[in-house]
Amino acid sequence: MNSRLPTILNTTYLTSGLSRGFFEFVTRVGEARSKQEEDRYVSQEIVSLKTKLNHPDISSRKIRDYITRLIYCEMLGYNVEFGHIHAVKLAQSAKGLWDKRIGYLACSLFLHETHELSIMLINTLQKDLKSSNYLEVCAALTALCHLLNKDMIPAVFGLVEEALSHPKDIVRKKAVMVFSRLFHDAPDTMIHLDEKFRQMLTERDPSVLGSILCLFLEFIKADPNKFKDLVPSLISILEQVLDRWLPRSYDYHGVPAPWIQIKIIENMGLLARDDEKISSEVGPLIVHTLRKAENGVDAAYAIIFECIRAISRLHPQTLSTIIHKSPNLNPLNVITRFLKSNNHNLKYLGLTCLSEIDPMWWIEGEWWGEEQMNIIVDCLEERDDTLKRKTLDLLYAMVNSQNVVVVMEHMINALRTISTTDEFSRLLLVNRIVEISGKYPLNLQNKDYDKAVDSTFLIISKSIESKEKSEEIRQYAVSEAIKILESDINNTTKNLTSWALRILGEFVKSTELQEKIYNRLCDLLTQVDYEIQAQVITTLLKCVSKMKYCPDNIIECVAKCCQSSSGDVKQRSREFIILSKDFVLLDKIIKPYENFDDFTIDESLSFLDNFVENALKNGAKPYNRIPITREDTNAATEIRYEAYEKPNMTYFPKQIMTSLPTYDDSRLSESDRDVLLPNDRSNQSSRGVGPPVTPGQLAWFGVTQEHLPPENVHEHTSLLADSQEPNYNDYEEIDSNRQSVISLIPKMKLQPSTQSWSRAGYKPVNSTESDKFIKYNTSNTRSSLRSSDKVLSIASVTSKTTMTPEKEKLASALFSGVGTSDPGQ
Amino acid sequence: MILYLFVFSRHGKIRLKKWFHFFSDKEKASLTTDLTTLILSRKRAMCNVLEHGEHKVIYKRYASLYFAAGIDCEENELYVLEVIHRYVQLLDEFFGNVCELDIIYNFDKAYYVLDELVLAGELQEPGKKSVIKHINAFENACQLDIVTRNVENSIV
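The shown structure was predicted, so the numbers you read here are calculated from the model rather than taken from an experiment. (Residues numbered from 1 in each chain as written. Chains lettered and ligands numbered in written order. Predicted model: local features only at pLDDT ≥ 70, side-chain atom pairs only at ≥ 80, totals over all residues. Heavy atoms only, no water.)

*Asks:* So what's going on with the nonpolar core? Which residues, and what values?
*Replies:* Counting 215 residues, the largest nonpolar core has Tyr72, Phe179, Phe197 and Leu814 of chain A together with Phe67 and Tyr87 of chain B as its most contacted members. Discounting chain neighbours no more than four positions away, the residues touching Phe67 of chain B are Phe6, Val7, Ile58, Tyr59, Lys60, Tyr62, Ile84, Tyr87, Val88, Leu91 and Ile103 of chain B. The next biggest cluster of nonpolar side chains, apart from the first, holds 38 residues, and it includes Ile484, Ile517, Leu541 and Val569 of chain A. (Core = buried A, V, L, I, M, F, W, Y, C linked by side-chain atoms within 4.5 Å. Buried < 20%, exposed > 50% of the residue type's maximum accessible area, 1.4 Å probe, protein only. Contact = heavy atoms within 4.5 Å.)

Here it is as structure tokens:
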């Protein structure tokens with residue numbers, strides 16, 4: 001911006017068509033260095049505009065200018081309500097097209113459908129809709145799209161209907177858009193126009209076609225059955241588009257009319273839902289569209305996305321034929337391409353597509369494999385928030401009885417890290433967690449349930465801090481808890497009861513505490529087992545601390561518990577009896593849940609130091625620690641320079657002694673040697689006898705005598721016998737061999753067992769499920785994991801991070817059970 | 001359906017703002033500030049899609065301007081990205097090598113172009129040529145109108 005030149009000579013000014021005053025205003029605001037400066041300029045301008053607009057007689061040129069300035073101020077975020085009426089006046093009294101345009105623009109920006117002033121425009125709009133100048137009709141229709149509300153409908157309906165048959169296609173197009181807007185407000189009024197709209201599907205002008213398709217999308221969403229007869233015409237239109245019958249100007253980067261394609265596919269997907277006949281007609285065409293769109297442009301990806309969405313809605317029969325036809329032609333292969341790409345948008349697309357498709361179709365080997373698993377696990381830890389959330393959505397979609405534990409863990413972690421202001425996502429996560437824990441209660445062990453309960457506490461306490469809706473939540477939680485406790489205690493699970501007790505203890509207010517709650521708690525003491533008893537006592541303690549008053553019957557009940565055989569209950573009941581009399585002490589002890597994170601536990605018990613000192617002074621004996629180490633502790637701390645004695649042969653029977661496992665090259669495969677302890681290759685000849693291996697240990701590793709390879713006993717003894725003056729190297733070898741022997745034992749011929757050891761750790765196999773599962777899992781483990789480094793190396797070329805063993809474990813845990821028909825679902 | 005469209009600069013100043021769906025004033029203000037801060041804090045290589053409450057926001061950066069469109073959950077995200085790109089192409093065609101200054105000083109014209117492209121939250125005109133043709137027709141008609149009025153006034 002040349003600020004040195006006077007405004008008149010400034011080229012930007014000359015080409016902008018704005019008035020000089022406005023231009024200078026905009027420049028000043030743009031160059032303002034601070035928000036306060038900008039505020040000052042704009043408020044000055046608004047004040048001057050107010051006065052200027054209130055003048056009775058302003059030329060149209062000036063009022064155009066003022067209204068434009070008003071638009072500008074409103075855009076910056078300032079309140080210009082006084083100007084709304086002037087905008088309406090301008091639109092009403094506009095003499096020329098330009099004034100009208102600015103007036104309508106201002107109105108559509110300032111007003112909204114429920115604004116009172118919009119009614120004043122009805123007359124103007126009607127006049128313009130009847131005008132012979134098609135531009136005026138267009139302007140009116142455009143404004144109508146923004147301002148339409150229920151009161152206006154009867155007045156303008158007829159005119160808009162007429163516009164549907166206007167000779168100019170632009171007018172027709174805009175009229176259709178008005179109707180699509182109208183459909184939201186008053187769908188019933190449009191029923192008689194059904195025929196007319198269907199006829200318009202045969203329109204020659206592509207833009208009108210586009211808008212009709214939008215309209216039909218709305219119709220079909222509301223009621224698909226009525227429009228199933230549209231399928232043939234939709235199919236023919238799509239085929240024409242794909243064959244490039246539309247004029248060239250509708251091409252977008254080489255893709256013919258992508259928007260129309262997308263709309264048609266969306267329509268077809270909705271129509272084909274749950275309907276086999278339509279699915280079979282429509283399915284092949286969608287696949288064909290997908291193929292044509294694979295030319296790598298952005299618009300093409302949008303089409304592919306829509307195709308996959310539509311495919312996911314098809315009837316399962318059709319879907320299975322499409323997928324199983326041949327693996328190369330499987331349309332779902334594109335998802336793999338998306339996931340592997342480095343571009344975040346494509347990854348997002350891949351994840352979204354995956355979550356659209358039912359996990360039932362994630363069939364191993366055909367298009368779904370370990371690479372995808374790894375990539376998805378990577379996405380969980382991406383810095384990009386969107387990808388993380390999408391992966392969580394995906395996890396939710398594929399939860400089944402096998403991976404529910406892992407999924408829950410991730411969801412709860414995510415819940416902790418999401419900021420407190422983002423209520424919507426927190427709510428969504430909580431709903432999902434609750435849903436999942438309801439569906440798979442048996443698979444979730446206590447530990448995970450605790451985590452889930454903890455997170456609900458976190459949410460409740462944090463929302464109480466935030467004050468909004470806190471009272472509602474709190475009351476609701478407390479009343480639910482009371483309901484649970486009052487119901488028959490034998491019917492409710494232990495977890496639920498303990499949850500209810502905790503809620504009651506933490507969140508009940510003293511005003512709500514009534515006799516009946518106390519009585520109920522006392523009753524519970526007699527009915528439940530030790531764990532719950534302990535919790536009841538603590539809850540009572542918390543209630544008492546809030547009430548600062550303890551009824552006698554409670555003390556009696558609790559006193560009975562002092563005789564309990566459980567140490568925990570005894571302790572708690574005695575504490576209760578003492579604390580219930582001393583409220584000052586009680587206050588210091590009972591802390592509200594929000595401050596839980598500030599809790600630090602002093603493990604050295606330093607606060608008791610004074611007590612200890614006093615006791616010692618008074619003659620108490622100091623605590624005598626009994627050493628747990630062996631007798632010859634002194635010797636053990638130094639390095640030993642002499643050889644150990646020969647091991648006592650009577651430790652274990654001879655047969656095992658002679659057949660200790662050794663590292664024998666021929667037995668092990670190449671990959672194992674590569675994998676474990678590569679430095680051992682040099683130590684092949686030397687052997688070492690490790691610490692005496694008992695028969696029990698050998699049995700644990702599943703090694704039995706018949707499976708052990710023959711070895712050379714002399715080699716063993718020779719090493720030890722010869723080394724009178726062993727140097728460090730020998731010891732290193734021996735130590736490493738010890739290691740190697742022990743760690744290699746599992747690699748020896750193992751008895752066939754369902755436990756498969758692998759680099760990635762123990763793979764859980766659910767033996768209670770059908771055979772299909774076990775077959776799936778075991779066939780998967782060895783082959784895919786052995787070759788997993790090779791797969792990894794390919795994957796690492798395309799993906800940024802390398803897989804750590806933990807991630808592999810996570811991946812295998814997450815995706816176990818996916819892709820098979822889970823009876824639990 | 002596209003719910004709203006913002007165009008803002010790298011410093012968070014709004015250049016264009018259009019609502020296609022009804023939001024209360026408070027919601028409008030909070031959405032504006034939230035989105036500008038969220039989008040400005042995103043890095044270059046990150047996804048172009050942002051999830052904000054119930055809506056998704058698709059944004060793209062063109063030189064010093066960010067174009068952000070909010071959509072509801074059912075819409076195809078890449079489709080909206082293409083709509084944004086189409087809009088920028090149209091502005092380019094209309095203004096000739098459009099830059100931020102053009103949009104600052106000619107925001108009313110930018111609004112007209114937007115109105116021709118997106119109506120009631122849906123793309124109404126996929127073809128570039130027809131949009132430009134229509135807007136130019138409008139412009140010419142306005143100019144003609146002014147001239148005839150001036151002539152009339154001078155005669156009278």
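Now that the structure is up, let's keep going.
*Asks:* Requested: an account of the interface of chain B and chain A, with residues and values cited.
*Replies:* Across the boundary between the two partners, chain B contributes 67 residues, which contact 77 residues of chain A. Surface buried jointly by chain B and chain A totals about 6400 Å² across both partners, of which 60% is contributed by carbon and sulfur atoms. When residues of chain B are sorted by the area they lose upon contact with chain A, Tyr105, Tyr112 and Phe138 of chain B head the list and together hold 12% of the total. Taken together, the connections running from chain B to chain A amount to six salt bridges. Ionic pairing is found between Glu51 of chain B and Lys390 of chain A, a salt bridge with its closest N-O pair at 3.9 Å. Put simply, chain B and chain A have 16 residue pairs in polar contact (both at pLDDT 80 or more) between them. (Buried area = accessible area lost by both parts, 1.4 Å probe. Salt bridge = Lys/Arg side-chain N within 4 Å of Asp/Glu carboxyl O. Polar contact = N/O pair within 3.5 Å; in protein donor to acceptor, adjacent residues only side chain to side chain.)

*Asks:* So what's going on with the pairing of strand E3 (residues 49-52) of chain B? Residues and values would help.
*Replies:* Regular strands place side chains that alternate from one sheet face to the opposite one. Residues and elements named next belong to chain B. The pairing of E3 with strand E4 (residues 55-62) spans four bridges and is antiparallel. Bridge pairing in E4 places Leu50 opposite Val57. Counted along the chain from E3 to the antiparallel partner E4, the turn is two residues long, and its residue Gly53 has a positive phi close to 60 degrees. (Pairing = 2+ DSSP bridges. Helix = DSSP H or I, 4+ residues; strand = E, 2+ residues; numbered from the N terminus.)

*Asks:* Give me the lowdown on the pairing of strand E2 (residues 14-19) of chain B, citing residues and values where you can.
*Replies:* All names here are of chain B. When you tally the buried positions in E2, you get six out of six residues, the bulk of the element. Here strand E1 (residues 2-9) runs beside E2; their pairing, made up of five bridges, is antiparallel. What sits directly across from Leu5, in E2, is Lys18.

*Asks:* Tell me what's going on with the packing of aromatic side chains, and back it up with residues and numbers.
*Replies:* Applying the stated criterion to the full structure yields 23 aromatic pairs over all chains. Considering the side-chain rings of Trp19 of chain B and Phe23 of chain B, the 5.5 Å spacing of their centres and the 65 degrees angle between planes classify their relative orientation as edge-to-face. By relative accessible area, Trp19 of chain B is classed as buried at 13%. Assessed through its relative accessible area of 8%, Phe23 of chain B is described here as buried. Here the aromatic rings of Phe94 of chain B and Phe95 of chain B are separated by 5.2 Å at their centres, their planes lie at 80 degrees, and the arrangement is edge-to-face. The buried category is assigned to Phe95 of chain B, whose relative accessible area is 18%. An aromatic cluster of at least three residues, connected via ring pairs, comprises Phe157, Phe179, Phe183, Phe197, Phe216, Phe219 and Phe227 of chain A. The ring of Tyr134 of chain A carries Lys168 of chain A above its face, with NZ or CZ at 4.4 Å from the centroid. (Phe/Tyr/Trp six-rings, centres within 6.5 Å; stacked < 30°, edge-to-face > 60°. Lys NZ or Arg CZ within 6 Å of the ring centre and 35° of its normal.)

*Asks:* Could you give me a rundown of unusual backbone geometry, with the residues and numbers involved?
*Replies:* Here Ala63 of chain B, not a glycine, exhibits a phi torsion of approximately 50 degrees, which is positive. The phi angle at Asn97 of chain B is positive, at roughly 55 degrees, despite the residue not being glycine.

*Asks:* Mind laying out the packing of helix H12 (residues 206-222) of chain A against helix H14 (residues 258-272) of chain A, listing which residues take part and the relevant values?
*Replies:* Residue and element names in this part refer to chain A. It is at 10 Å that the axes of H12 and H14 come closest, and there the two elements cross at 25 degrees. Compared by their axis directions, H12 and H14 come out roughly parallel. The handedness of the crossing between H12 and H14 comes out as left-handed. Together, Pro206, Leu213, Cys214, Phe216, Leu217, Ile220 and Lys221 of H12 and Ile260, Lys263, Ile264, Glu266, Asn267, Leu270 and Leu271 of H14 make up the contact between the two elements. (Axes fitted to C-alpha atoms, helices over the stretch in contact; angles between N-to-C directions. Parallel < 35°, antiparallel > 145°, perpendicular 65-115°, else oblique. Left-handed = near helix turned anticlockwise from the far one by under 90°.)

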